[in-house]
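Listed below, chain by chain, are the residues.
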Amino acid sequence: AWFSLSGLFPARAADAPPADAQSAVSQPNIALYYGSRIPWDELAAFDIAVVEPDHVILPFKAGTVPSAGPGLLGQRTELLAYLSVGEIHPSRAYFRDLPEAWRAGRNTAWGSVVIDQSQPGWPAWFMDKAVRPLWRAGYRGFFLDTLDSFNLFAKTDAERAAQTEGLARVITAIKREFPQAKLIFNRGFEVLPRVHELAYAVAAESLFQGWDAGAQRYREVPQADREWLLAQLNRVRSEYHLPVLAIDYVAPENRELARRTAQSIAELGFVPWVSNPALDALGVGAIEVMPRKVMVVYDGSGTDFGITFEQAFRFLAMPLNYLGYVVEMREVRQPLPDYPLAGRYAGMAVMFSSDEAQPAFEPLLKAALAQGVKVAFVGDFGLAGEVLSRLLGLRAGAPTAPSAQLSIALQDRLIGFEAQPLPDRRGFRPLGAEGGTPLLQLRNERGENMDAAAFMPWGGYVLRPYSIALLPANKGQRWVVQPIEFLRRALALPDMPVPDVTTESGRRLMMMHVDGDGFASRAELPGTPYSGEVLQRDILEKYRIPATVSVIEGETSRDGLYASQSPALEAVARKIFALPWVEIASHSFSHPFRWSKAEESAAGEATETYTLPIPNYRFDLTREVNGSVDYINKRLAPPGKKVKMFFWTGDCNPDDDAIEKTYEEQLLNLNGGETWITRAEASLTLVSPVGIKKGAYWQIYSANQNENVYTNLWTGPFYGFERVIETFQMTERPYRLKPIDVYFHMYSATKRASLSALHKALDWALAQRVMNIYASEYSAKAMDFMHVVVARPVGRPGEWRVRGAGDLRTLRMSAALPAPDFARSTGLAGYRQDNDGSDSGGQRYLHLAGGEAVVAVAAPGAGARDGVPFLTEANARVASASRDADGMALELAGHLPITFTLANVAACRVSADGKPLSGRTAGTETSYALAQDGTAKITVQCRR
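Structural notes, computed from the coordinates. Each chain has its residues counted from 1, following the order in which its sequence is written. With pLDDT at 70 or above as the cut-off, local features in this predicted model cover only qualifying residues; side-chain atom pairs require 80 or more to be listed or tallied, and sums for whole chains, interfaces and linings still use all residues. Side-chain measures were taken over the full set of non-hydrogen atoms in the model, leaving aside hydrogen atoms and water.

**Describing the packing of helix H11 (residues 531–543) against helix H19 (residues 752–766)**
Relative orientation of the contacting elements H11 and H19 amounts to 10°, with a least axis distance of 12 Å. The angle between H11 and H19 falls in the class roughly parallel. Residues Val534, Asp538, Ile539, Lys542 and Tyr543 of H11 form the contact with H19, whose own contacting residues are Leu755, Leu758, His759, Leu762, Asp763 and Leu766. Looking at side-chain class alone, the contact of H11 with H19 contains 7 nonpolar, 1 polar and 3 charged residues. Note on geometry: axes are C-alpha line fits, over the in-contact stretch for helices, and angles between N-to-C directions span 0 to 180 degrees. Secondary structure follows DSSP: runs of H or I at least 4 residues long count as helices, runs of E at least 2 residues long count as strands, and numbering of each begins at the N terminus. Working definition: roughly parallel below 35 degrees, roughly antiparallel above 145 degrees, roughly perpendicular at 65 to 115 degrees, and oblique for all remaining angles. Contact between two residues is taken to exist if any of their heavy atoms lie within 4.5 Å; hydrogens are not considered. Residues are grouped as follows: Ala, Val, Leu, Ile, Met, Phe, Trp, Tyr, Cys and Pro are nonpolar; Asp, Glu, Lys and Arg are charged; all remaining types, including Gly, are polar.

**Structural notes on the side chain of Lys641**
Here Lys641 lies in the loop between helix H15 (621–635) and strand S33 (643–647). Burial status follows relative accessibility: with a 1.4 Å probe on protein chains alone, a residue under 20% of its type maximum counts as buried, one over 50% as exposed, and anything between as partly exposed. Positive: Lys, Arg. Negative: Asp, Glu. His and the chain ends are not part of the count. Any Lys or Arg side-chain nitrogen located within 4 Å of an Asp or Glu carboxyl oxygen qualifies as a salt bridge. Despite its burial, Lys641 pairs with no opposite charge, the nearest such side chain being Glu583 at 8.9 Å. A 3.5 Å cut-off defines polar contacts: any pair of N or O atoms within that distance qualifies, except that in protein one atom must be a possible hydrogen donor and the other a possible acceptor, and neighbouring residues in sequence count only when both atoms are side-chain atoms. At 2.6 Å, the side chain of Lys641 and the backbone oxygen of Val582 are in polar contact.

**Quick look at the sheet that holds strand S5 (residues 103–107)**
When DSSP finds two or more bridges between two strands, those strands count as paired. The strand order across the open sheet built from 3 strands is S4-S6-S5, with neighbouring strands paired in antiparallel fashion. Strand pairing shows two members of the sheet lacking a second neighbour, strand S4 (87–88) and S5, which therefore form its edges.

**Section: the environment of Leu144**
Residue position: Leu144 is located in strand S7 (residues 141–145). The class of Leu144 is buried, set by a relative accessible area of 0%. Setting aside chain neighbours within four positions, we find Leu144 in contact with Leu83, Val85, Ile171, Ile174, Leu183, Ile184, Phe185 and Asn186.

**Points about the pattern of salt bridges**
On inspection of all chains with the given rule, the structure shows 57 salt bridges. Ionic pairing is found between Glu504 and Arg877, a salt bridge with its closest N-O pair at 3.6 Å. Of this pair, Glu504 sits in strand S29 (residues 503–504) while Arg877 sits in strand S46 (residues 877–884), and the two are 373 residues apart along the sequence. Residues Glu504 and Arg877 agree in their burial class; the two are buried. For the salt bridge of Asp538 with Arg537, the shortest nitrogen-to-oxygen distance reads 2.7 Å. A network of salt bridges, in which partner residues are shared, links Arg255, Glu256, Arg259, Glu288 and Arg792.

**Considerations on H19**
Here a helix's expected span is defined as the number of its residues, less one, multiplied by 1.5 Å. The first and last C-alpha atoms of H19 sit 21 Å apart over 15 residues, in line with the 21 Å expected at 1.5 Å per residue. Within H19, the full set of buried residues consists of Ser754, Leu755, Ala757, Leu758, His759, Ala761, Leu762 and Ala765. The elements touched by buried residues of H19 are strand S30 (507–515), H11, helix H18 (724–730), strand S37 (740–745) and strand S38 (770–772).

**Describing the packing of aromatic side chains**
Side-chain rings of Phe, Tyr and Trp, where Trp is taken by its six-membered ring, are said to pair if the distance between their centres is within 6.5 Å; with planes under 30 degrees apart they count as stacked, over 60 as edge-to-face, and otherwise as tilted. Counted under the stated rule, the structure contains 36 aromatic pairs. Here Phe46 and Trp273 contribute two aromatic rings whose centre-to-centre distance is 5.4 Å and whose plane-to-plane angle is 85°, an arrangement assigned as edge-to-face. A residue pair is termed long-range when its members are at least 10 positions apart, and Phe46 in the loop between helix H1 (40–43) and strand S2 (48–51) and Trp273 in strand S13 (residues 271–275) qualify at 227 residues. With relative accessibility at 1%, the residue Phe46 sits in the buried group. A relative accessible area of 0% places Trp273 in the buried class. Measuring from centroid to centroid gives 5.4 Å for Phe352 and Phe361, while their planes differ by 85°, and the two rings are edge-to-face.

**A closer look at the nonpolar core**
For soluble globular proteins, nonpolar side chains are generally found buried alongside one another. Residues Phe142, Phe361 and Tyr461 are the most contacted members of the largest nonpolar core, which totals 203 residues. Contacts of Tyr461, omitting those with residues within four sequence positions, involve Phe377, Phe381, Leu394, Leu431, Ala433, Asp451, Ala452, Ala453, Ala454, Met456 and Phe486. Ranked by size, the runner-up nonpolar core spans 91 residues in total, among them Tyr530, Phe728, Leu755 and Tyr778. Remark: nonpolar core denotes a set of buried residues (Ala, Val, Leu, Ile, Met, Phe, Trp, Tyr, Cys) joined through side-chain atoms within 4.5 Å.

**Quick notes on the pairing of S5**
Bridging between S5 and strand S6 (residues 112–115) involves 4 bridges; their strand directions are antiparallel. Counted as the bridge partner of Arg106 is Val113 from S6. Counted between consecutive antiparallel strands, the loop separating S5 from S6 contains 4 residues, among which Gly111 sits at a positive phi close to 70°.

**A closer look at the state of the cysteines**
Disulfide: a pair of cysteine sulfur atoms within 2.5 Å of each other. Inspection of the entire model under this criterion finds 1 disulfide. Between the sulfur atoms of Cys908 and its disulfide partner Cys942 the distance amounts to 2.0 Å. Torsion about the S-S bond of the Cys908 and Cys942 cystine: about 110°, corresponding to right-handed handedness. You can see Cys908 sitting in the loop between strand S48 (899–903) and strand S49 (909–912) and its partner Cys942 sitting in the segment after strand S53 (934–941), a full 34 residues away along the chain. For the residue pair Cys908 and Cys942, the accessibility class agrees, reading buried in each case.

**Observations regarding the sheet that holds strand S50 (residues 915–916)**
Read from one edge to the other, the open sheet built from 5 strands follows the order S46-S47-S53-S49-S50, with strand pairing classed as antiparallel. Two strands lie at the open edges of the sheet, namely S46 and S50, each paired on one side alone.

**Overview of the pairing of strand S11 (residues 217–220)**
Within a regular strand, the side chains alternate between the two sheet faces. With 4 bridges joining them, strand S10 (residues 209–212) and S11 adopt antiparallel strand pairing. Note that in S11 the partner of Gln209 across the bridge is Glu220. Once S10 ends, the chain turns through 4 residues before running back antiparallel as S11, passing Gln216 with a positive phi of about 55°.

**Overview of the side chain of Ser354**
Along the chain, Ser354 turns up in the loop between strand S18 (347–350) and helix H8 (361–370). Judged by relative accessible area, which is 18%, Ser354 ranks as buried. Filtering out sequence-adjacent residues up to four positions away, Ser354 remains in contact with Asp299, Asp380 and Arg464.

**Notes on the environment of Ala124**
Its location among the elements puts Ala124 in helix H2 (residues 122–137). Accessibility expressed as a relative area gives 53% for Ala124, which makes it exposed.

What follows is the structure, given as structure tokens:
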């Protein structure tokens, strides 16, 4: 499902009823975006998205995520192509074929040629050159623009009638050939009497706020112009019963005016879209997308390993992921974005690897500040002293003589999180957070102050070394500032439901996945069995929980290192893969140790091989991914069972072309990341983000590291994997940062000590309240996390709309917000509150029943509706949920015998698959247990 939006959004309902029967809620949400870098994820919040087709790359690359352009077609979001009918711009590919006789004039404001619509051959030419190519590309609707451009040259009634007749012939030709095409007319009031029955909706620009192209400025629409346009639009709605789209123009930085304008339009019963004149900003409609991307700016000079080991990514991505945001990494020397930042980014986080000034950063910072995008600096500003005052309003003094004494004059509770601040005399300089709130203030013996950390009206900053402290002898790093809370407050991130990959149905997720290394190894046990045999007997068949197991083809096949042992090894693999609760993965052909170096060796750029020494083998990406998968499917997998995943090997740092191979095979991918926080290494710097984007592709990280780290690369102690329990605990409190991942290699089954550690880890994990899933299910949820879109209806506080959560079924929101109001929410099966001990007072984990939901919370002081039954937790996913006046119905799907808990059902009848259930009640909650796994249909009847 993650390969295209077809898996994320169910098929769209039938077209809306006529406008006079519509409420503002039932009308389609429409967005227009004509820029070149199309925000596909955000546009998925809308029912209809209109794009400039020249900015959509064709053909689409198979397997890209998310599907771009017409990949949206036929799903919840329908894609319409912009199509100018009355004018053609010289940039259009077909402009050169336009007959000279058809060119009736010029629109100097836009540099286009106005078309004589009365030409007999015009409809057929336009269909051939403009419409059919777009239809073949996959578009199933068109936004017809410039329908009134003929008024630039047609001055008599007869001339205007001829032009109107020509327009009607063009529109009729489109619908005759493509009757299912959705057509949105931009104005075209003159032609509507002839062809209104062919229109899906009618649009008009500048109802309240407009753009003066001549003066190049925004303006409020004069009252007389507004009244004329209102009369036209009301006629469209009342006489033709068509939805009306009102497009207004407001500067991107004036977001509040855009919201008020959209609300004013909606209150008139029209569909609003408020954006900039170029329509390359993510504007405000009847809903406003809550941006979930944070731009992270770095200088690219800190490592030779790409962004994987950039400190900006390593340290900032995880806290932002926890807060519900996806990072978009931007090297400071990249060209400035050619689109507005406001509305598209929730904020900008900046972390440079040195204290050198970054001249290329100033224009980007100016753009962010001018558009009201909050900025958080972690480490250094990358700006000269005078720029700090000019752009950031900081009072920056020149460095003075070295201080003999430096003391802490003020320290906020956010400072001193994992390490206390140590005043650095060498880095001291007078600095004042004018108009801000200092978090850490240093003072020297001369009475000079340095505000080393502060929240500011534009965001906030915490300077080096008061952001992250480097431990002596290069023993690691520790956060001095509390990173999660600092970023939340500095970027002014709003309280809203955010997607969560750690939890489902109120329980912490748990998986087990096995890298194939050591499959040919013999265990130090009686009879020296293969590691796979021990794994099957002592782990897989004992616990019988979902497990994803991989092999390295170069270890098991006749073409690998152990050709003589291949028949025996393959037989072991077949037995493991035949277990019903085992999912199959590939761990490559030759186990590359360093992916980029292996590719260089294949290209003759490196002399070492960087893979297992397989005879006569030269590294080949297709062989590693596609070939290994084909081998497992044909030689090892039982009938009806195929490889679902690819586990990265070695440094787990593949380039984007390697990740692309997994996409081509429609495989989910996993591994990488450096999550191994323990009590001995107690720092959030050792907790990795959900994944990393490389080019157009996502690599999903494992939830925590494997036993290699805990056993010091298998130098001992061999029972070291016991300490993964500490990792599980420390990624649970005070923040649930990760699911539980019992992740190890085959050679963990070769020693008694490592096998014992594995048992301890599994026994501890299974004693928790968990929901067991396969690694592929986690990876699919992580892919969803990157693309889920959250929007809020304009003028409806306390309500959010969520799309894209097909595999990810949990939203997390602060318990400080009111509880969900089930009467106003849809697609919500229930929630569980977790009092996690953090300063926030806990979190609520909301259980989604599908790929789309409306989450509404009770109005402040009103309280949620009492006594409504809902699901609090289960060890199975919610496949579906519905409510009526008598109760609710749930369909649960799990891998183990199903257990679940309902709230407020003491006076209700609860049944599973039609059979009455009795449960154990404690307070307002009642718990139930079923003997079967798989799917169960739960019915709750509460008629009083």
